[in-house]
Amino acid sequence: MKDLDKGFQADENHEPKENARRDFLKKSSLLTAVALTPGVAVKAAENHLDEKVAAAFEKMPVNIIVNGKPHKLSIEPRVTLLDLLREQLHLTGTKKGCDYGQCGACTVHVDGQRVNSCLTLAMTVDGKKVTSIEGLAKGDELHPMQEAFIKHDGFQCGYCTPGQIMSAVACIREGHANSETEIREYMSGNICRCGAYPNIVNAIQEVKNGGQQV
Amino acid sequence: MKQFQYIRPATQQSVLDAITKPGARILAGGSNLIDLMKRGVTSPDKLVDIQKLPLKGISKSTGNVSSISIGALELNSAVAENKLIKEEFPLLSMALNAGASPQLRNMATVGGNMMQRTRCTYFYDTAMPCNKREPNSGCGAMEGINRMHAIFGTSEKCIAVHPSDMCVALAALDASVEVKSKKGTRYIPFTEFHRLPGETPQLDNTLTTGELITRVIIPHNNFAKNSYYLKVRDRASYAFALISVAVGLDIQGGNIKEARLAMGGVAHKPWRLKAAEQFLKGKPATVANFEQAASLAMQGAKSFGHNDFKLKMAPASIIEALSNAAKLS
């Protein structure tokens with residue numbers, strides 16, 4: 001704790017020197033452990049991620065609610081939401097396709113809005129609610145969109161499907177599923193290499209026309 | 001991705017302090033910056049996440065000239081769907097909806113959209129020379145695969161294009177950009193925000209170190225009824241523009257009182273077609289006049305081989321967009 005305190009008590013007006021910072025980072029295992037411990041320092045970090053906190057920690061605290069379950073985690077700032085979901089929370093339903101925001105396989109909802117989790121730093125989701133494909137079903141009861149994808153054969157290999165379904169749900173919620181043309185336009189961020197597009201459109205139209213709660 | 005420090009200051013003052021330091025970059029939506037960092041095109045030491053700043057909101061102000069102000073952190077999707085924007089500046093809404101995908105529009109902010117880098121494949125490929133990425137390393141595109149590249153305002157150093165659709169509309173709409181720094185506030189006309197490559201293609205725009213985009217202001221105009229954004233691309237949706245044209249016409253009694261025209265996919269910045277605008281002023285809205293305006297707009301165009309087709313596609317797109325805006329087609 002001594003080292004940590006020292007880190008936080010760095011001169012108000014100066015960042016710790018680069019060398020000092022590197023030395024400090026070597027003690028990252030200790031810091032990580034500390035980061036998970038409630039305390040004044042961690043509270044400060046959560047409320048105000050300022051220069052001193054960033055300089056002291058290799059890993060930083062982040063609070064995320066995933067599929068209704070709160071998680072208090074410690075991560076490197078370069079971890080994307082996609083990698084956090086898959087590698088740390090073991091929610092592997094969300095898929096890594098291109099990893100550059102071009103295919104939509106990684107689509108999840110953040111505070112109800114669909115986004116590409118591969119281009120979202122997990123740190124930026126602090127305090128927000130994330131819904132992944134695992135969060136759609138209610139126990140054994142599939143979400144209407146999942147049912148419709150099965151019924152209409154909205155996939156072949158299935159790799160893009162979690163992203164397609166998350167996008168499809170958002171497409172209806174946003175009010176952009178009023179015609180085939182509109183659905184195709186507003187589903188354009190999700191690529192399906194197998195070419196299941198007509199069946200995906202059918203699935204979305206059925207859910208939309210069925211008027212079910214999505 | 002290389003390691004970096006991440007900070008999320010709660011006040012504008014802390015952000016302005018943080019961004020003056022070398023190696024610091026502002027993080028807004030991240031949809032372009034994170035992509036570039038993953039590919040090693042850019043490697044900031046520090047990301048200054050500005051999401052805690054109160055830079056959202058779309059509001060109308062009525063003064064001598066009424067205008068609409070859009071906060072720099074407003075999402076592209078929110079601006080595109082906003083009632084005020086749809087009513088007053090449908091051109092901006094159309095341009096935003098022509099850009100990226102619904103997911104990316106839910107991430108990308110107005111300020112971030114302005115700051116996005118070119119999609120030139122040589123800029124993205126760190127194994128290739130690129131004067132924009134690595135000053136004075138050479139240009140891979142000049143004699144390479146350059147079908148996406150510029151036909152206006154190019155230099156011997158760079159023929160990349162600015163990829164934004166939103167910016168093309170904002171250039172046509174005579175918007176201005178509010179920028180804050182420790183020195184105070186300044187306003188940059190949108191058409192002067194982005195720059196041509198010249199000898200320093202590494203500089204995309206006229207922002208200086210330590211400046212933060214806070215909002216975009218669009219003055220009232222009479223183009224709402226006759227606006228159109230045409231985007232020509234390799235697939236029907238979710239692709240960058242080969243050519244795009246933003247048109248705003250103020251037509252009264254069949255005559256064009258004022259015209260605004262800008263093109264995307266043709267230059268290092270949104271390309272305003274001032275000569276064509278001037279020509280159309282006071283003339284009847286006819287295809288014959290649109291054809292003349294398009295030929296005026298094309299003066300000085302220069303292609304590089306694979307993008308020769310743009311010399312035909314650009315004027316055709318101008319005529320098509322004008323006809324759509326004037327509701328002739």
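All figures in this text were calculated on a predicted structure; none of them were measured in a lab.

Trainee: Explanation requested: the packing of aromatic side chains in the structure shown.
Mentor: When we look at a pair of aromatic rings, we describe it by the centre distance and by the angle of the planes. All names here are of chain B. Inspection of the entire model under this criterion finds 3 aromatic pairs over all chains. Here the aromatic rings of Phe152 and Trp271 are separated by 5.1 Å at their centres, their planes lie at 10°, and the arrangement is stacked. You can see Phe152 sitting in the loop between helix 8 (121-124) and helix 9 (166-172) and its partner Trp271 sitting in strand 12 (residues 271-272), a full 119 residues away along the chain. Since its relative accessible area comes to 2%, Phe152 is described here as buried.

Trainee: I keep staring at helix 5 (residues 90-98) of chain B and nothing clicks. Help me out?
Mentor: In an α-helix, one full turn covers 3.6 residues, which means residues spaced three or four apart are oriented alike. Residue and element names in this part refer to chain B. Of all 9 residues making up helix 5, 8 are buried, and the element is well covered by its neighbours. Residues of helix 5 that are buried: Pro90, Leu91, Leu92, Ser93, Ala95, Leu96, Asn97 and Ala98. A positive phi of about 50° marks Ala100, the residue just after helix 5.

Trainee: In this structure, what is going on with the environment of Ile217(B)? I would like to understand it.
Mentor: Residue and element names in this part refer to chain B. Its place among the elements puts Ile217 in strand 8 (residues 212-219). Under the relative-accessibility criterion, Ile217 is labelled buried at 14%. Taking the C-alpha atoms as reference points, Ile217 and Glu192, 25 residues apart in sequence, are found 14 Å from one another. Excluding residues within four positions of it along the chain, Ile217 makes contact with Ser67, Ile68, Ser69, Ala175, Ser176 and Tyr187.

Trainee: Can you help me understand the pairing of strand 3 (residues 46-49) of chain B in this one?
Mentor: The side chains of a regular strand alternate, residue by residue, between the two faces of the sheet. All names here are of chain B. Judged by which residues are buried, strand 3 turns out to be covered on both faces: Lys46 and Val48 on one side and Leu47 and Asp49 on the other are all buried. Of the pairings in the sheet, the one linking strand 1 (residues 5-7) to strand 3 comprises 3 bridges and is parallel in character. Pairing of Tyr6 across the sheet is with Leu47, part of strand 3. Bridge count for strand 2 (residues 24-27) against strand 3 is 4 bridges, and the pairing is parallel.

Trainee: Can you help me understand helix 11 (residues 287-297) of chain B in this one?
Mentor: Buried within helix 11 of chain B we find Asn289(B), Phe290(B), Ala293(B), Ala294(B) and Ala297(B). Summarising the axial view, the buried residues of helix 11 of chain B lie within an arc of 140°, below the 170-degree limit, and thus occupy one face.

Trainee: Before we go on, may I ask you to explain the interface of chain A and chain B in this structure?
Mentor: You'll often see interface size given as the accessible area lost when the parts meet. Contact with chain A, which involves 43 residues of that partner, is made by 38 residues of chain B. For the pair chain A and chain B, the interface holds 2 salt bridges. Between Asp99(A) and Lys38(B) there is a salt bridge, with its nearest N and O atoms 2.8 Å apart. One can count 17 residue pairs in polar contact (both at pLDDT 80 or more) joining chain A with chain B. Broken down by secondary-structure element, the contributors of at least two residues to the side of chain A that touches chain B are helix 5 (51-56), strand 4 (113-116) and helix 9 (180-186) of chain A. Element by element, the count of residues in the side of chain A that touches chain B is highest for strand 4 of chain A, at 4 residues.

What counts, and where the lines are drawn
Residues numbered from 1 in each chain as written. Chains lettered and ligands numbered in written order. Predicted model: local features only at pLDDT ≥ 70, side-chain atom pairs only at ≥ 80, totals over all residues. Heavy atoms only, no water. Phe/Tyr/Trp six-rings, centres within 6.5 Å; stacked < 30°, edge-to-face > 60°. Helix = DSSP H or I, 4+ residues; strand = E, 2+ residues; numbered from the N terminus. Buried < 20%, exposed > 50% of the residue type's maximum accessible area, 1.4 Å probe, protein only. Contact = heavy atoms within 4.5 Å. Pairing = 2+ DSSP bridges. Arc of directions from axis to C-beta. Salt bridge = Lys/Arg side-chain N within 4 Å of Asp/Glu carboxyl O. Polar contact = N/O pair within 3.5 Å; in protein donor to acceptor, adjacent residues only side chain to side chain.

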